[in-house]
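Notes for the structure review
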Amino acid sequence: AIKWIDAESGLVCMEAGIVGQDMKRRLEAEGFTIGHEPDSLEFSSLGGWIATRASGMKKTAYGNIEDMLVRVRMVSSVGTVDRKVEVPRLS
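Every residue gets a number counted from 1 within its own chain, in the order that chain's sequence is written. For a predicted model such as this one, the threshold for reporting local features is a pLDDT of at least 70, and the threshold for listing and counting side-chain atom pairs is 80 or more; totals across whole chains, interfaces and linings nevertheless cover every residue. Just so you know, side-chain values use all the structure's heavy atoms and leave hydrogens and water out.

What follows is about helix α1 (residues 20–29). For α1, the full list of buried residues reads Gly 20, Met 23 and Leu 27. In a view along the axis of α1, the buried residues occupy a sector of 60°, so they form one face of it. Across from the buried face of α1, at angles greater than 90 degrees, the exposed residues are Arg 25 and Ala 29. We call two residues in contact when some of their heavy atoms are within 4.5 Å. Every helix listed is a DSSP run of H or I at least four residues long, and every strand listed is a run of E at least two residues long, numbered separately from the N terminus. Here the buried face of α1 lies against β1 (2–6), β2 (11–14) and α2 (46–52). Within two residues after α1, Gly 31 carries a phi angle of roughly 90°, on the positive side. Accessibility here uses a 1.4 Å probe with only protein chains present; expressed as a share of the type maximum, an area under 20% marks a residue as buried, one over 50% as exposed, and anything in between as partly exposed. The directions considered for the arc are those from the helix axis to the C-beta atoms.

Quick look at the structure:
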């Protein structure tokens, strides 16, 4: 699910389970582009893209998924990892 969209900064907070086609539809409805379109868009999730460092068809314009990330919070059996940067690698 998309938790929030900040139109001013262009940042979006999403949960890892959101499927690519649903993400694309929701962002386009708000006037944004997803920028990351792997061939598996309709079947794959944001969490899967991050876990596999996925690339999309528009990678020359938008970069890979890790180029778009600002913050990731992951919970595993050994604890929580929270990583953030001030700006994405590419934007």
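Next comes the rest of the account.
Moving on to the pairing of strand β4 (residues 79–84). Summarising burial for β4: zero of the six residues are buried, a small minority. Relative to β4, strand β3 (residues 71–76) runs antiparallel, the two sharing six bridges. When the sheet's bridge partners are listed, Ser 76 is paired in β4 with Gly 79. Criterion used throughout: strands pair if DSSP finds at least two bridges between them. What sits between the antiparallel neighbours β3 and β4 is a turn of two residues.

The next thing to look at is the side chain of Asn 64. Along the chain, Asn 64 turns up in the loop between α3 (59–62) and α4 (65–68). Polar contact criterion, stated in full: a pair of N or O atoms within 3.5 Å, where within protein one must be able to donate a hydrogen and the other to accept it, and residues adjacent in sequence count only if both atoms are side-chain atoms. Side chain to side chain, Asn 64 and Ser 55 meet in a polar contact 2.6 Å long. Ignoring any residue separated from it by four or fewer positions in sequence, one finds Asn 64 in contact with His 36, Ala 54, Ser 55 and Lys 59.

For the purposes of this section, nonpolar cores are sets of buried Ala, Val, Leu, Ile, Met, Phe, Trp, Tyr and Cys residues that join through side-chain atoms within 4.5 Å. Of all hydrophobic cores here, the largest spans ten residues; its members are Ile 2, Ile 18, Met 23, Leu 27, Ile 34, Leu 41, Leu 46, Trp 49, Ala 54 and Ile 65. Broken down by secondary-structure element, the contributors of at least two residues to this core are α1 and α2. Beyond its immediate stretch of four places on either side in the chain, Ile 2 contacts Val 12, Cys 13, Met 14, Ile 18, Met 23, Arg 26 and Leu 27.

Looking now at the confidence of the model for the protein. The pLDDT averaged across the protein works out to 86; a share of 93% of its residues lies at or above 70. When the elements of the protein are averaged for pLDDT, α3 gives the smallest value, 73, and β1 the largest, 95. Note on scores: pLDDT gives the predictor's confidence for each residue, bounded by 0 and 100.

With that settled, consider the environment of Pro 38. Mapped onto the elements, Pro 38 comes out in the loop between α1 and α2. Taking the C-alpha atoms as reference points, Pro 38 and Gly 20, 18 residues apart in sequence, are found 8.7 Å from one another.

A few words on the environment of Gln 21. With respect to the helices and strands, Gln 21 occurs in helix α1. Separated by 16 residues in the primary sequence, Gln 21 and Glu 37 have C-alpha atoms spaced 9.2 Å apart. If sequence neighbours within four positions are ignored, Gln 21 has contacts with Leu 41 and Glu 42.

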